[in-house]
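Listed below, chain by chain, are the residues.
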Amino acid sequence: MNAQATLSAAQARDAADPLRGYRARFALPRDERGEQLIYLCGHSLGLLPLAARDIVNEELDDWARLAVDGHEHARRPWVPYHENLTAGLSALTGGLADEVVAMNSLTVNLHLMLASFYRPAGSRRHILIEAGAFSSDRHAVASQIAWHGLDPASALIELAPPAGEELLGEEHIEACLERHGEEIALLLWPGVQFRTGQAFDLARIAHAAHRHGCLAGFDLAHSVGNTPLTLHGTDADFAVWCSYKYLNAGPGAIGGCFVHQRHVHAQPRTSHSGTLPGARLAGWWGHEEPTRFLMEPQFRAAAGAAAWQISNPPILAAAPLIASLAIFTEAGMQRLRAKSVALTDYLDGLIRPLAPAVRIITPANSARRGCQLSLRIAGGAARGRQVFDGLTVRGMVCDWRSPDIIRVAPVPLYNRYEDAWRFADALTQALQQTP
């Protein structure tokens, strides 16, 4: 590494960091000797907020103490439990309070949204996604196409970067819509591409889709809690996300979704025969709370996106998110984003001098990425895997993404400049010791 990029300089940056105190509010993993690991894998699973343990234990205590009465008399009553998450999710997604709801998991929510918004008719039957989309998204989309009696091989358009390039710009999406817009019913796009870490201009994409009569939905799994979002102003039709990555809610935690107000208001409150697109699949938790337990056959929809709920929320899988959202509210997304840019730029600056042995495929422009950097090691996938294993031996926690990418994410809530420095140092050593 550059001789000026010293450990003491990184530690000086940490000492001046106004957000440095938040690190102490998370459980930091250790190796079998009890030594702290350098955790740079928040893009896959966020760390445990220490306060989450107390909140989960409070729910367990209320269950033990109150049993069924906890639905109404727990310290956080279970019937309206999702409302504990609304304000925090609204702030992080830029959706109005009645446009967001915590429920289910990401792919379940994606299926529910596709059931409402993918309505193939006439020549407009196609769904546009990016080539190399996260596998669960592709499975969901392909199966929805097949559910409508269509062939995914012909009705699914997978847009790849130009030959020889790693990244796909908004101009490529716009060009595809110019060519095929009259055939496309719906576009599903990530806020941040999981493999490359590239962030997209969602407003530009939504505008392009709507200009050609297509609906626009977004998978925000790698965006929420990572990059600033303004879903209502972006004019997205719908969006889905998980909360176990940057939102630190734990493995299998409750997910969430956004439905734009125009679709919410287009649906009748007392009928399942709503306007298309947007008509809901329904369950009892989408029924308004005041009359839900009358168990009447007549449906009365809850207000806003909450009407898309199917089942009662999993309390123990939602409780940790309360702790995490409180931290986000206190820290503020604007301050977190500022640190994220500075910290990721710092790590980027440490790694780029290692070229050509390492190539960063994530955009260099901080506005075009979140806190993830995706690295490709010269010499092919086998050598890349050896380098990754060398990083693991040196106490680095990142991940290997087949076929040949190492993903690293310095998360602003709990990562330090020292972590970035130590990773770059370990990478330098691993490269030197890998033939």
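Criteria and cut-off values
Residues numbered from 1 in each chain as written. Predicted model: local features only at pLDDT ≥ 70, side-chain atom pairs only at ≥ 80, totals over all residues. Heavy atoms only, no water. Helix = DSSP H or I, 4+ residues; strand = E, 2+ residues; numbered from the N terminus. Expected span 1.5 Å × (residues − 1). Contact = heavy atoms within 4.5 Å. Phe/Tyr/Trp six-rings, centres within 6.5 Å; stacked < 30°, edge-to-face > 60°. Buried < 20%, exposed > 50% of the residue type's maximum accessible area, 1.4 Å probe, protein only. Core = buried A, V, L, I, M, F, W, Y, C linked by side-chain atoms within 4.5 Å. Pairing = 2+ DSSP bridges. Axes fitted to C-alpha atoms, helices over the stretch in contact; angles between N-to-C directions.

Trainee: What am I meant to see in helix H6 (residues 135-147) here?
Mentor: One full turn of an α-helix is made of 3.6 residues, so residues set three or four places apart face in the same direction. Between its first and last C-alpha atoms H6 spans 18 Å; for 13 residues at 1.5 Å apiece the expected length is 18 Å, and the two agree. Residues of H6 that are buried sit in contact with helix H5 (106-117), strand E3 (126-130), helix H7 (152-155), strand E4 (156-159), strand E5 (184-190) and strand E6 (215-219). Looking at the residues trailing H6, positive phi occurs at Gly-149, about 80 degrees.

Trainee: Quick question: what am I supposed to make of the packing of aromatic side chains here?
Mentor: Any two aromatic rings considered together are summarised by their centre-to-centre distance and by the angle between their planes. Within the structure shown, the criterion is met by 10 aromatic pairs. For the pair Phe-134 and Phe-194, a centre-to-centre distance of 5.1 Å together with 90 degrees between the ring planes defines the contact as edge-to-face. Taken together, the residues span a long stretch of sequence, with Phe-134 in the loop between E3 and H6 and Phe-194 in the loop between E5 and helix H9 (202-211) at a distance of 60 residues. With a relative accessible area of 31%, Phe-134 lands in the partly exposed category. Its relative accessible area of 7% is what places Phe-194 among the buried residues. When the centroid spacing of 5.3 Å and the interplanar angle of 75 degrees are considered together, the rings of Tyr-346 and Tyr-417 count as edge-to-face. Of this pair, Tyr-346 sits in helix H14 (residues 333-351) while Tyr-417 sits in helix H16 (residues 417-432), and the two are 71 residues apart along the sequence. Both residues of the pair, Tyr-346 and Tyr-417, belong to the buried class. By the ring-pair criterion, three or more aromatic residues cluster together here, those being Phe-26, Tyr-39 and Tyr-414.

Trainee: Is there a simple way to think about the nonpolar core in this case?
Mentor: Core analysis: the largest hydrophobic core is formed by 67 residues, its most contacted members being Leu-85, Leu-128, Trp-189, Phe-218 and Leu-413. If you tally residues by element for this core, the top one is helix H13 (residues 315-331), at 10 residues. Other than its neighbours up to four places away in sequence, Leu-128 contacts Ile-157, Leu-159, Ile-173, Cys-176, Leu-177, Ile-184, Leu-186, Leu-187, Leu-188 and Trp-189.

Trainee: Looking at this model, I keep getting lost on the sheet that holds E6. Mind explaining?
Mentor: For sheets, the rule is that strands pair by backbone hydrogen bonds, running either parallel or antiparallel. The mixed open sheet is built from seven strands, whose spatial order is E2-E8-E7-E6-E5-E3-E4. On the outer flanks of this sheet lie strand E2 (100-102) and E4, each paired with one strand and no other. Across the sheet, the mean angle separating the axes of adjacent strands is 20 degrees when strand polarity is ignored. Pairing analysis gives five bridges linking E5 to E6, with the strands arranged parallel. Of the residues in E6, the one forming a bridge with Leu-187 is Ala-216. Each of E5 and E6 touches H9; the most contacted strand, E6, lies at about 150 degrees to it.

Trainee: Looking at this model, I keep getting lost on the sheet that holds strand E13 (residues 405-408). Mind explaining?
Mentor: The strand order across the open sheet built from four strands is E9-E10-E13-E12, with neighbouring strands paired in antiparallel fashion. Two strands lie at the open edges of the sheet, namely strand E9 (358-360) and strand E12 (399-401), each paired on one side alone. Neighbour-to-neighbour, the strand axes of this sheet turn through a mean angle of 35 degrees, independent of strand direction. When E12 meets E13, the two strands line up antiparallel, connected through three bridges. Across the sheet, Arg-401 pairs through a bridge with Ile-405, a residue of E13. Docked against the sheet, H14 engages E9, strand E10 (373-377) and E13, running at close to 10 degrees with respect to E10.

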